[in-house]
Every structure is written in structure tokens, then in C-alpha cells.
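Structural overview for review
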Amino acid sequence: GHLNNQSRSTTREVDLPAEYQMVNDHRLVAEWRWKVHDLESKLQIAQQEAHDARLALGGSSMKTFYDSNFKKAYNKVDKGESLKHQDQLFAALRKFIDAFVKSENKDQKDGEEFFKRLTKEAFAYQNEVLEEVALATQRLWTSTITFPGTGRELCSLLNEAIRKDKVEVVEHVAVLARGIAALCVARNQALTTFFPPDSCVYRGAVLPDEHIRFFKVGCKYRVPGFLATSFKQSVAKLYCTRAWLVNQKKHAAVIWIVDVDPAGKTDKTKLCQHAGLVQNSQFPGEEEYVFVPYSVFTVTAVNLSINPTNNTPHIIRLEAAHDNALEPEDLPLAPWY
């Protein structure tokens, strides 16, 4: 800005032709582009140095989004071509299940049964499968069909795969993740239809005591998986209770409150760019609002309960980043979410 003003001031003083002033402005733009390019190069070098230092100190356990296999796989998937047709969707689903079975030493027959049941459920909504593949992918995300003997749904298996980051599994997860995220980004959604009514969303879960210290006020981090939340606090409380009981009351109950910029209600440019309402759900009443994998959050408040049951849980408040792409890639990863 200062250089531009100085240039224009000089141009007016000597009363140079407009054509010369335009050339001069173009030179300034080019200079600034080179400066930006230089800064970006220095940032990449700094990220690589930080990455090397983390590995030297903590080995692979210090992995971040910057050096994740998921990032590499996700970037390889073409945004426009990944899930245009039903055969691509079911091929990706089949490959993921096969990779999961092999990686986790599960029975192949259980994998085949799981795939068949998911496919059958998907074809109950034939128009989606034939014409709106992204919608069909989102519906698979909300399926309650579980992998035999585990009690775990597809969404849980996908998040586990992202968290473990095994290259032979995440390469197939990335294709499905593109499909799920396709309708969960701000630029693909109507301006007012899907904005959280309270300018915040809620998530209910449990939180082991050993991970509480990570969530300190001011901590900025990424979540290595999809983060499912709800417009409704009542839904979060329901999931909090369920998780607390499933874990036999061993872990503390917690309610997460995630704030988004309230200006996004009327200004699309202020919307969180990497989250959105799941438009096609088996349970539309849940009003599920999903953040894409490795989304960025900052802890803004922590209220710890003396007796963290489902009725008196910990309350942790977060602020969602406006755009993941503008945040550092080497932020720490949440140990629990």
C-alpha cells in the first residue's frame, strides 16, 4: 500500500502519461508477487525444519497434517472426477473395506457382509445413487449399519483410518472423504439455509482424564478426522450420555461448543469454509454439521466439572477457524475428539 501510494504521488508530480503510470503499477504488482512467492518459499522451508525437529524429538508420534499420508492421498483425488458415478462410489467403498479388513486382521467374510448391507441400504434411495452420488456418499456417512462383531459404523471406521493414517488405507478413505465433503463446504451451499441458528454447534462425547490437559485456553490444533456436531444442544447431550454409558462411566462426559463467525449468517464470505450441514442423512432431525478432516480449532474456554457425568459434564468451548487453508499445517493434532 505504501509503495503504491508513493508511486502514484510521484506520477502525479511529474505529470507522466497514463500509459506509463499503468506500466509502473504493473511493475509494482509483479514486485509484490515475487515478494509473496519468496515468503511462501520461506514458510515451506520453516515448516520442513519444524517437521524435521519434531521427528528428531518424538519420531512418527509427532506427525501432523503437514506430513500425513491423508493429505497426500486427498490432494491426489481430483475434486471434479472422484465421485461422479455410482461405480466410483462403490469401488471406493469396497476398496476401503478390503483395506480395513486386511489392516485390522478382520474376517474377509465380515467385510463382504458389511459391504453388501451398505450397498443394499444405499440402493433404497436409487435416485441418489444414479443421479446424485455426492448425496449418496453423505447418506452412507450417516448409516447405522455396523461392521460385524465391532458395533462400529462406517463413519467410525473412516475416522479411525484417518487417525491411524496408514497409507494403504487412507488412499481409499480420501476418495470417500472428497464425496462426503463435497456438500459440506461453504462455497457449495446456499447462504442462509444451513447456518447454525445459535452461531455455534454442539458435540457430546467423553474425554479421558489423561487428555484434558491438552485442551488449554489458547491452544490451536487440528482434528485428525471428520468432526460431527449438531445445531441442537439436545442432540449433543444425547450423544454425551450414550458415550458415557458405553464407556461404562469410566471417562469424563464432555460437551463441546464450537463457535463460528456470526457474520456468516448474512455474509457468505464469513461462513466457515470447511464445514456444513449433512444434507442427506438417515437422521435429518439430528441436524448434523460436519467439519472436514484436519479442521482447525482454538480453545477459548474450559469449564471442568468436579463430577463430570452426563448430567454435569465438562464444557469446552472452541472457535472454528474461518478457512483451514489459511492455517499452519503443522499444528498439533488433538489426541481425542
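Looking only at helices and strands, the chain has 11 helices and 10 strands in total. Counting all 337 residues of the chain, 46% fall into the buried class. A total of about 18,000 Å² of accessible surface is found on the chain, and carbon and sulfur atoms cover 53% of it.

Note on soluble globular proteins: their nonpolar side chains tend to be buried together. L93 and F96 are the most contacted members of the largest nonpolar core, which has 44 residues in total. For this core, the secondary structure elements donating two or more residues are α3 (69–76), α4 (86–103), α5 (108–122), α7 (133–141), α8 (154–164) and α9 (167–181). Setting aside residues no more than four positions away along its own chain, F96 makes contact with L154, L157, L158, A161, V169, H172, V173 and L176. Counting 28 residues, the second largest nonpolar core, distinct from the first, contains W256, C272, F297 and A320.

Before going further, it helps to spend a moment on the layout of surface pockets. There is about 1,300 Å³ of room inside the largest pocket. For the largest pocket, the lining is made up of 36 residues, of which E153, C155, S156, R203 and Y239 are closest to its centre. If you list the elements that add at least two residues to the lining of the largest pocket, you get β2 (152–153), α8, β3 (200–207), β5 (227–230) and α11 (233–246). Counting residues per element, the lining of the largest pocket draws most heavily on α11, which supplies 6 residues. A class-by-class count of the residues in the lining of the largest pocket yields 16 nonpolar, 12 polar and 8 charged.

Right, let's talk about the confidence of the model for the chain for a bit. Per-residue confidence for the chain gives a mean pLDDT of 82; residues scoring 70 or more make up 76%. Confidence drops under pLDDT 50 across residues 54–61; counting only partners more than four residues distant or on other chains, this segment forms 6 contacts.

Counting buried positions along strand β6 (residues 252–259) gives 7 out of 8 residues, so the element sits mostly inside the fold. Taken together, the 6 bridges between β6 and strand β10 (residues 314–320) define a ladder with parallel strand orientation. Of the residues in β10, the one forming a bridge with V258 is L318.

The next thing to look at is the pattern of salt bridges. Scanning the entire structure with this criterion turns up 9 salt bridges. Salt bridges sharing partners connect three or more residues here, namely E104, R152, E160, K164 and K166.

Let us now look at unusual backbone geometry. Backbone geometry places N105, a non-glycine residue, at a positive phi of 55°. Tracing the backbone shows N105 in the loop between α4 and α5.

The next thing to look at is the side chain of R203. When you line up the elements, R203 lands in strand β3. Buried charged residue R203 carries no salt bridge. Nearest counter-charge: E288, at 7.2 Å. At 2.8 Å, the side chain of R203 and the backbone oxygen of A228 are in polar contact. Those residues in contact with R203, other than ones at most four positions away along the chain, are L227, A228, T229, A236, V254, I255, W256 and Y337.

Cut-offs applied
Residues numbered from 1 in each chain as written. Predicted model: local features only at pLDDT ≥ 70, side-chain atom pairs only at ≥ 80, totals over all residues. Heavy atoms only, no water. Helix = DSSP H or I, 4+ residues; strand = E, 2+ residues; numbered from the N terminus. Buried < 20%, exposed > 50% of the residue type's maximum accessible area, 1.4 Å probe, protein only. Areas by Shrake-Rupley, 256 points an atom, 1.4 Å probe, with all protein chains shown as cover. Core = buried A, V, L, I, M, F, W, Y, C linked by side-chain atoms within 4.5 Å. Contact = heavy atoms within 4.5 Å. 1 Å grid on protein atoms, 1.4 Å probe; cavity = no way out; pocket = protein on both sides within 12 Å on 5 of 7 lines; lining within 4 Å. Points joined across faces, edges and corners; volume = space filled by probe spheres on them. Nonpolar A, V, L, I, M, F, W, Y, C, P; charged D, E, K, R; others polar. pLDDT = per-residue confidence, 0-100. Pairing = 2+ DSSP bridges. Salt bridge = Lys/Arg side-chain N within 4 Å of Asp/Glu carboxyl O. Lys, Arg positive; Asp, Glu negative; His and termini not counted. Polar contact = N/O pair within 3.5 Å; in protein donor to acceptor, adjacent residues only side chain to side chain.

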